[in-house]
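Chain by chain, the residues run as shown.
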Amino acid sequence: MAERDIDPVELLLESARSEAANASFHVTGVMMQYYEACERELWFESRNIEINRENPNVVRGTRVDDTAYGDQRQNLSIDGWIAPDMLDDGRIVEVKPSSSLIEPARLQLLYYLWYLDRVVGVKKDGVLAHPTERKRESVELNEEAIDKVESAIRGIYEIVRNDSPPSATEKSYCDSCAYHDFCWSC
Amino acid sequence: MNDNYHIFSDGRIERHNDTVRLVTEDDDKKYLPIENAEALYLHGQIDFNTRLVSFLNEHGIAMHVFGWNDYYSGSIMPERGQTSGQTVVNQVQAYNDATHRIKIAREIVAGSIHNMRSNVTYYNNRGHEFSSIITDLDRCQDELADTTAVDEVMGVEASARRAYYQIFDKVLPNGFVFNGRAYNPPDNKVNSLISFGNSLVYANIVSAIRATALDPTISYLHEPGERRYSLALDLADLFKPLLTDRVIFRLVNRRQLSVDDFESELNSCLLTESGRKTFSKELEQTLEETVEHPELNKKVSYQYLLRVESYKLKKHLLTGEPYEAFKRWW
């Protein structure tokens, strides 16, 4: 790859700002989330290895996301690569069915804030919402968060360009993952 | 999400409100609860229209059609929710790479021989003397390691199956003489049972493969065929001893199938409609049987094992992690 010497963060910004449809490096919100939760799942996502949509957790997550705050938020699809939701008050919201995987959700939301700031040029605040638990949490993009997002972009770049995924490692939440049977059947 | 519905009567199936309705020729109406359906199997002469096809597509349900003499004649599959170009590319690359292809082919045959052997051992421990067949199968397993071309792998598979089929004449009662495999058309009762059973196993695997975005026409043991889903043939070999053969032994030895369930015409011998009903009912029950899966750490149905097998192959092709074919472990 010719881009090898370029910082992945620069490469991503260049790809995002470029008109060319085939520009080379994109990171979606879901990839950010998977990077934090499971690097193997991230690699699967990057190869479009589909998940089992009959998985009850996938069905539940989709339903919570579809129904929560329906009247107060709108979806912003930006460049076709990221699609954050915005509340009426202008904050970016990420809705999750439970707070059990809070760090991945937070990183996803921070990435949206970072992307809006660096690519679109608007500064936004965020809110992480777990409607089924009646919990909300404010999230803002400070220096530390920027570092975290940018190091995640570099980490994602490394994983995604590998020909094979990181090997499976057992995590507490493997049982509820839609890739469970795919990973652990051998 | 794994019920199969078999329709033997003639008539019409249609969408009715939010479900599927079967209207038989004597105007009898039956409703199929399709929320839990995996596939419909049509054995009779059935009319349907595009509205039904769209409805099945929305619910991700396959429809497998069996024609004259219950030969598999095709499937109407739901449009693939997710296609994966990368999966197909990797599938083809593995086929084109001779070393890679033969490795997969060998693994599939190693699995089939293992599963045949497990049926032989079962009856060997129940009053039959099959030790020479077990030796033959073990020899085949050894020969497999020395194969250098896919047609040699095929040859080993064929001689293993020939050795294995000897148990049929011993395990089944008089009146069910087998005398070797014949098809197109099957010439005796046992052959017609095997043909019917294998075609149902095959159709079930077609469904399992399509749930994974693997291309069902690109195969490793069998040559990719123009018409047939040859990958389904590859994987079906692994499951025939567990599904088709066990169901035959069970039904015939328990006298649930008798000589009256067959009709002979010209050179062929075929199951009657009631014989086919008995068989597919028993096969469906077998598919619902569960077993503790040591890697997945949960109970899975035999039917789900077919899906798992497709996952395993797909994972191997996409990640390079080793593929180990299904080998009965219980």
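Located above this text is the structure these notes cover.
Below: a short report on this structure.

Here is what the cut-offs are and how they apply
- Every chain begins its residue count from 1, and numbering advances along the sequence as written.
- Labels follow written order: the first chain is A, the first ligand is 1, and so on.
- The predicted origin of the model limits local features to residues at a pLDDT of at least 70 and limits the giving and counting of side-chain atom pairs to 80 or more, whereas totals for whole chains, interfaces and linings rest on all residues.
- To obtain the side-chain values, all non-hydrogen atoms of the structure were included, while hydrogens and water were left out.
- Helix numbers and strand numbers start at the N terminus; a helix is a DSSP run of H or I with at least 4 residues, a strand a run of E with at least 2.
- Values of the radius of gyration come from C-alpha atoms, whereas the globule rule sets the reference at 2.2 Å times the count of residues to the power 0.38.
- Partly exposed residues are those whose accessible area sits between 20% and 50% of the maximum for their type, while under 20% is buried and over 50% is exposed, using a 1.4 Å probe and protein chains only.
- The method behind every accessible area is Shrake-Rupley, applied with a 1.4 Å probe, and residues are considered shielded solely by the protein chains displayed.
- Under the counting rule used here, the positive set is Lys and Arg, the negative set is Asp and Glu, and His together with the chain ends is not counted.
- In plain terms, the charge of a residue is placed at NZ if it is Lys, CZ if Arg, CG if Asp and CD if Glu.
- The convention used is that axes are lines fitted to C-alpha atoms, helices contributing only their stretch in contact, and that angles between N-to-C directions extend from 0 to 180 degrees.
- Orientation labels follow simple angle bins: below 35 degrees gives roughly parallel, above 145 gives roughly antiparallel, 65 to 115 gives roughly perpendicular, and whatever is left gives oblique.
- Any two residues having at least one pair of non-hydrogen atoms within 4.5 Å are treated as being in contact.
- By the convention adopted, Pro, Cys, Tyr, Trp, Phe, Met, Ile, Leu, Val and Ala count as nonpolar, Lys, Arg, Asp and Glu as charged, and the other residues, Gly among them, as polar.
- Here the nonpolar core consists of buried residues drawn from Ala, Val, Leu, Ile, Met, Phe, Trp, Tyr and Cys, with membership extended through side-chain atoms lying within 4.5 Å.
- For two strands to pair, DSSP has to find at least two bridges joining them.

## Some remarks on the overall build of chain B
Helix and strand counts for chain B come out as ten helices and twelve strands. Relative to the compact-globule value of 20 Å for 330 residues, chain B shows a C-alpha radius of gyration of 20 Å, a close match. Expressed as lengths along the three principal axes of its C-alpha atoms, the size of chain B is roughly 60 × 55 × 40 Å. Split into buried and exposed, the 330 residues of chain B put 56% on the buried side. When the accessible surface of chain B is split by element, carbon and sulfur atoms take 45% of a total near 14,600 Å². A distance of 2 Å separates the average location of the 37 positive side-chain charges in chain B from that of its 47 negative side-chain charges.

## Comments concerning the packing of helix α3 (residues 98–124) of chain B against helix α4 (residues 131–146) of chain B
Residues and elements named next belong to chain B. It is at 10 Å that the axes of α3 and α4 come closest, and there the two elements cross at 170°. Judged by the inter-axis angle, α3 sits roughly antiparallel to α4. Contacts from Arg106, Val109, Ala110, Ile113, His114, Met116, Arg117, Val120, Thr121 and Asn124 of α3 reach α4 at Ser131, Ile133, Ile134, Leu137, Asp138, Cys140, Gln141, Leu144 and Ala145. Residue composition of the contact of α3 with α4, by class: eleven nonpolar, five polar and three charged.

## Points about the nonpolar core
Within the largest apolar cluster, 134 residues are counted, with the highest numbers of intra-cluster contacts made by A:Tyr111, A:Trp114, B:Phe168, B:Phe239 and B:Phe279. It is helix α6 (residues 189–210) of chain B that provides the largest number of residues to this core, a total of twelve residues. Those residues in contact with A:Tyr111 that lie beyond four places of it in its chain are A:Leu12, A:Val27, A:Thr28, A:Gly29, A:Met32, A:Ile82, A:Val149 and A:Ile153. Membership of the second largest hydrophobic core comes to 16 residues, among which are B:Tyr5, B:Ile13, B:Leu22 and B:Phe55.

## As for the sheet that holds strand β7 (residues 62–66) of chain B
All names here are of chain B. Strand order across the open sheet formed by four strands is β1-β5-β7-β8, with mixed pairing between neighbours. Looking at which strands have only one partner, the edges of the open sheet turn out to be β1 (3–7) and β8 (72–76). Between one strand axis and the next, the sheet turns through 20° on average, direction left out of account. Pairing of strand β5 (residues 37–42) with β7, which is carried by four bridges, proceeds in the parallel orientation. Note on β7: the bridge partner recorded for Ala39 is Ala62.

## Focus: the sheet that holds strand β6 (residues 46–47) of chain B
Residue and element names in this part refer to chain B. One open sheet accounts for four strands, arranged β4-β3-β2-β6; its pairing is mixed. Two strands in the sheet have a free side with no partner beyond their single neighbour: β4 (29–32) and β6. The pairing of strand β2 (residues 11–16) with strand β3 (residues 19–24) spans six bridges and is antiparallel. Note that in β3 the partner of His16 across the bridge is Thr19. In this fold helix α1 (residues 50–58) packs onto β2 and β3, with an angle of close to 55° to the strand it touches most, β2.

## Considering the packing of helix α2 (residues 29–37) of chain A against helix α3 (residues 39–46) of chain A
Residues and elements named next belong to chain A. Packing of α2 against α3 brings their axes to within 6 Å, and their N-to-C directions diverge by 150°. Regarding the angle of α2 to α3, the classification is roughly antiparallel. Contacts from Val30, Met31, Tyr34, Tyr35 and Ala37 of α2 reach α3 at Glu39, Glu41, Leu42 and Glu45.

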